[in-house]
Amino acid sequence: ITANNSASLDGGLAHCDGTIENNIISANSANWGAGIGHCNAAILRNIIIRNTATDGAGGVGGCDGTIRSNVVAGNTARFGAGLHACDGAILNNTIIRNSATDTAGNVYFCKGTIANCIIWGFDGDTREQIGDSSVPTYSCIQNWTGGGEGNISLDPQFADPNGPDDKWTTYEDNDYRLLPDSPCVDEGTNSVLTPPGLDLDGNLRIARWKFPIFAIVDMGAYEYNSRPFAVTHFGFVTIPWPGGRRLTWNSQPNDTYTVWFRYSLQVTEWYEVKTVASQGETTSCTDKGFLIWNWRTLFYRVEME
């Protein structure tokens, strides 16, 4: 958690070169770049809420890496309260109720690809949600009339956007997951996700395996009715000889996985078994070291590339 920091420039996280993932970045303040500023690596699966900039970029500003599967909500600024001057790909984010006094509140002056996002303001809000930015595609945008393939302006139908206390201003408990009938379900584009990655809950980003042709990503930070990326089965096989240990895990199209093992919890070094391409809804890998390592206890892990 990065919270309640203040600076004249870049209040929360600044000039970070590594991936920023699985954080809550809240209630930071600055003249510019209150939440995250000038961080050019990937920004993945974070909750970025209630940061305040007196000038620009309340949530995320000046970041040119991929920004994917984040909730950016309730940030304020004079311009570009949600995202400002971010030129990397902006994919599968829920950007909601960010408030700017001079320009578009949610996204402003962002020139990279914008796709699969939900960009929404306030009930009855007639202001533009995106200003001076790339034309988005396959996104749900309030009051949108600016063209772009696959865009819609229907109510995204969040599970509980005001939270159990029925106060939209308490962003920590607001639930921006999608209801079953949401127009954002299965309406994104898979073409921008290589690899697809995970949603904000850590679930598979492409989830609905009704039939492979219909396995389409949702709009927004959360994938409806998805499953965790997890090993679902581990066991021994003897055919074909010499057999080995087989792991099976949930998977999705176009992903690549690396399987690792180590001898015990006391040994810190992991050894790579192999890299495996997705085989569909589930993927399996057999470690053929069964005969050699039968007498040892082994620990395995699977990483999504």
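To be clear, the structure that these remarks concern was listed above.
This write-up is about the structure you can find in this document. Along each chain, the written sequence defines residue order, and numbers are assigned to residues from 1. Residue-level local features of this predicted model are given only where pLDDT is at least 70; pairs of side-chain atoms are given and counted only at 80 or more, and the full residue set underlies all totals for whole chains, interfaces and linings. Only hydrogens and water are set aside; all other atoms, that is, all heavy atoms of the structure, feed into the side-chain values.

Concerning the sheet that holds strand E13 (residues 71–73)
Through backbone hydrogen bonds, the strands of a sheet pair up, either in parallel or in antiparallel fashion. The pairing criterion for strands is at least two bridges between them, as found by DSSP. Here a helix means four or more residues in a row that DSSP labels H or I, a strand means two or more in a row labelled E, and each is numbered from the N terminus. Pairing within the open sheet is parallel, and its seven strands lie in the order E1-E5-E9-E13-E17-E21-E23. A strand with exactly one partner marks an edge of an open sheet, and here the two such strands are strand E1 (2–3) and strand E23 (140–141). Here three bridges tie strand E5 (residues 24–26) to strand E9 (residues 47–49), and the two strands are oriented parallel to one another. Residue Ser26 lies in a different strand from E9, and its bridge partner there is Ile49.

Observations regarding the pairing of strand E6 (residues 29–32)
The pairing of strand E2 (residues 6–9) with E6 spans three bridges and is parallel. Within the sheet, the bridge partner assigned to Ala7 lies in E6 and is Ala30. With three bridges joining them, E6 and strand E10 (residues 52–56) adopt parallel strand pairing. In the strand pairing of E10, Ala30 is matched with Ala53.

Overview of the nonpolar core
In terms of nonpolar packing, the biggest core is built from 22 residues, with Ile36, Ile43, Val60, Leu83, Ile90 and Ile119 touching the most fellow members. Note on definitions: a residue-residue contact is assigned when non-hydrogen atoms from the two residues lie within 4.5 Å. Ignoring any residue separated from it by four or fewer positions in sequence, one finds Ile119 in contact with Ile95, Asn106, Val107, Ile114, Gln129, Ile130, Cys140, Ile141 and Gln142. Residues grouped as a nonpolar core are buried Ala, Val, Leu, Ile, Met, Phe, Trp, Tyr and Cys residues, joined through side-chain atoms within 4.5 Å. Only protein chains enter the accessibility calculation, which uses a 1.4 Å probe; a residue whose area is less than 20% of its type maximum is buried, one above 50% is exposed, and one in between is partly exposed. Among the nonpolar cores identified, the runner-up in size contains 17 residues, and Ile49, Ile96, Ile118 and Cys184 belong to it.

Considerations on unusual backbone geometry
The linkage connecting Thr194 with the following residue, Pro195, adopts the cis geometry, with an omega of 0°. Here Asn143, not a glycine, exhibits a phi torsion of approximately 60°, which is positive. Phi is positive for Asp186, close to 60°, though the residue is something other than glycine.

A closer look at the side chain of Ser133
Locating Ser133 in the fold gives a position in the loop between strand E22 (130–131) and E23. There is a polar contact of 3.1 Å between the side chain of Ser133 and the backbone nitrogen of Phe109. Throughout this description, a polar contact denotes any pair of N or O atoms lying within 3.5 Å of each other; where both atoms belong to protein, one of them has to be capable of donating a hydrogen while the other can accept it, and for residues adjacent in sequence the pair is counted only when both atoms sit in side chains.

Examining the pattern of salt bridges
Opposite charge on two side chains allows them to pair when their charged atoms are near. Take a side-chain nitrogen of Lys or Arg and a carboxyl oxygen of Asp or Glu: if they are within 4 Å of each other, that pair is a salt bridge. In the structure shown here, the tally under the stated rule is eleven salt bridges. Residue Asp175 is joined to Arg177 by a salt bridge in which the shortest nitrogen-to-oxygen separation is 3.0 Å. Of the residues examined, Arg177 reaches a relative accessible area of 34% and is grouped as partly exposed. Residues Asp201 and Arg177 are paired through a salt bridge, measuring 2.8 Å at the closest nitrogen-oxygen approach. Highlighted residues: Asp201 in the loop between strand E25 (175–178) and strand E26 (231–237) and Arg177 in strand E25, separated in sequence by 24 residues. Taking the relative accessible area as the measure of exposure, Asp201 reaches 38% and is therefore partly exposed.

Looking at the environment of Glu21
Position of Glu21 relative to the elements: it lies in strand E4 (residues 20–21). Put simply, Glu21 and Asn116 are 95 residues apart on the chain and 19 Å apart in space, counted from C-alpha to C-alpha. A polar atom in the side chain of Glu21 sits 3.1 Å from the side chain of Arg45.

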